[in-house]
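Structural features, examined
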Amino acid sequence: MIEILTVARPAPTVFDGTANTVAVVVLLLEFGMLRASLFGAQVRLYAAQSVAVSVLAGVVAVGRGVPELFILAALSLLLKAVIVPLVMMGQLRDSRAEIAGSGSLGVASEVIISILVAAFGFFAVGALGIHSEVLPAAALSLSMAVVLVSFVLMILRRDVISQAIGFFSLENGVSMASLVIAAGLPLILEVAFLFDLLVAVVVFGVLIRVQSDRTKSFSTVALDRLRG
Amino acid sequence: MLTLPLPVIQALQVATVVFASPGITGVISQVEARMQGRRGPRILQPYYDLAKLFRKESLAPLHSGPFFLLAPVLAFACYLTVPMLIPVLTTYALPLGNMGDILGGGIILAFASFMVATAAAETGDPYAQLGASRAKTFGAITEPVVLLVVFTVALVTSTDLPYVLAATVTSGPDQLVRPAHLLASAALFMVILYETGRIPIETHTGTIELGMIEEARPFEHSGPYYALLKWGSSAKQLIFYTLFLNVFAAPWGLASTRELGDVLFAIVALIAKAIVVGIVVSVIDNTFAKLRLFRITEFVSAAFLLAVLAIFTLYLGGG
């Protein structure tokens, strides 16, 4: 019988592994937005991503004993996973325009570009050597990747829905980063950020509405035709 | 209790895969039919089909060379070799188990697929050639995903022996929840959907030649040769399921001793686990639509993304 050597690369602890997995899910949902072809699907992806961020806050609250994060998790779940999607859907209910194929590149090339950009974010932040007491440093790198991929989403997709959702999901990436760096941030500040987002959602919703009423489409390609 | 000699266990690994695989195919088509509200074929139908085909005469197209008839036999021999390399029944490596790593198994599987494609190219039948050329084209873009999955395994275990990864996965919950492991398993599962010709890549039971990849290749074979190709594709499916289950997702229920009872239990456990994967695959089959041919790259790029992220998180120390 041949003996097996188990020289494994040291695994992170169960808590770190879980937190990193949730952070990876947030990033994967961001990638999913690159290919979403219906505006409902785009909003649902955003809602799912917000749920994942709230779950991460919950994981930190349980694992590290920071009870005020429960309040933050509940608030962000309510606001970002329920109210924002409802507001978006409500404002655009009667619009029949599609966002399929609004990418300026093929989906596979967009994914490859995003992988490169995400890799840059990963290793740039990893090289800073920031250590956090509550979350593993990989989660910070992952949130940087979320922010950068949301930039790619806003740049490459030429429809207002994806660009607005890209902006909102950028906020998801930032709030994930704030969980790593400043989990003990005073609750009032975090809540203030959340309500800032709500204002942004309403403003964006109105702008999207005006745009789709004028051009009968969500595409931003037609925007330069409005001049004069 | 009876203690089995190691070569017998090794032979049992091969026998389990070869003789259980048509049954797994039968269960999947039965489950799929039930979900669509049909009664479906009997679970044992694939065995009857094979028995019938082995009794039929076989024809070869005019001008096809000897390789046309040799390829199904050689491909089947490849599928018999791979179960010796991967943990089918045991947690410990069997005497021939260390003669190849995961890459070795992958090369043998790719060789089998190459021979089937070459035989298809020799027929002159446009559909068989279409299938062969598509299989090779998309094979070339799924290959990097497989390589990255192997690299992930290598980074996690510092070897690329499948037995070691299985032992690592069972060693504790921290190995299970690590993102690298989950991402690599998910990427491998997507590759398996591709390799076994399931939705969203192709319809398994359809007769629409223009969408076919795997199914089109044996169009010109008949009789025992066709039976070997069909049997081989079932065996390949169970080999991939075994690789996914016993190395990545659920390496539990394997025999850790040489006792007869343990080995028998391992056989039953493997078949049960493979049926569970088969049910998941048929749910996917019934939930999603087939992708258009040129969108298969999107599917593969998603699998590639998962595998790349697995490596990234490992390098950052978080995987």
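Predicted, not measured: the structure shown is a model, and the values here were computed from it.

Of regular secondary structure, chain B possesses 11 helices and 0 strands. Reading chain B from its N terminus to its C terminus gives the helix and strand order α-α-α-α-α-α-α-α-α-α-α. Counting every position in chain B, which comprises 319 residues, the buried fraction comes to 55%. Counting contacts in chain B only where the partners sit at least 6 residues apart, residues at least 24 apart contribute 80% of the total. Per element, the accessible surface of chain B, about 12800 Å² overall, is 70% carbon and sulfur.

Turning to a positive patch on the surface, a few remarks are in order. Residues and elements named next belong to chain B. On the surface, a cluster of positive charge is made up of K52, R55, K56 and K230. Along the chain, K56 falls in the loop between α2 (45-55) and α3 (67-81). Among the residues examined, K56 registers a relative accessible area of 47% and is labelled partly exposed.

What follows covers the confidence of the model for chain B. Here chain B shows a mean pLDDT of 90. Residues at 70 or above account for 98%. Here helix α7 (residues 173-177) of chain B stands out as the least confident element of chain B, with mean pLDDT 85; α2(B) is the most confident, with 95.

Attention now moves to the pattern of salt bridges. Enumeration over the complete set of coordinates arrives at 11 salt bridges over all chains. Between D159(A) and R157(A) there is a salt bridge, with the nearest N and O atoms lying 3.6 Å from each other. Residue classification places R157(A) among the buried positions, given a relative accessible area of 3%. Between R198(B) and D285(B) there is a salt bridge whose closest N-O contact spans 3.2 Å.

The final tally for this structure, using the stated rule, is 13 aromatic pairs over all chains. On the basis of an interplanar angle of 50° and a centroid distance of 5.3 Å, the ring pair of F122(A) and F312(B) is categorised as tilted. Taken as a pair, F122(A) in helix α4 (residues 107-128) and F312(B) in helix α11 (residues 296-315) lie in two separate chains rather than in one. Judged by its relative accessible area of 0%, F122(A) falls in the buried class.

Reading the values: the criteria
- Residues numbered from 1 in each chain as written.
- Chains lettered and ligands numbered in written order.
- Predicted model: local features only at pLDDT ≥ 70, side-chain atom pairs only at ≥ 80, totals over all residues.
- Heavy atoms only, no water.
- Helix = DSSP H or I, 4+ residues; strand = E, 2+ residues; numbered from the N terminus.
- Buried < 20%, exposed > 50% of the residue type's maximum accessible area, 1.4 Å probe, protein only.
- Contact = heavy atoms within 4.5 Å.
- Areas by Shrake-Rupley, 256 points an atom, 1.4 Å probe, with all protein chains shown as cover.
- Patch = residues over 30% accessible without salt bridge, like charges linked within 9 Å, V, L, I, M, F, W, Y side chains within 5 Å.
- Salt bridge = Lys/Arg side-chain N within 4 Å of Asp/Glu carboxyl O.
- Lys, Arg positive; Asp, Glu negative; His and termini not counted.
- Charge placed at Lys NZ, Arg CZ, Asp CG, Glu CD.
- pLDDT = per-residue confidence, 0-100.
- Phe/Tyr/Trp six-rings, centres within 6.5 Å; stacked < 30°, edge-to-face > 60°.

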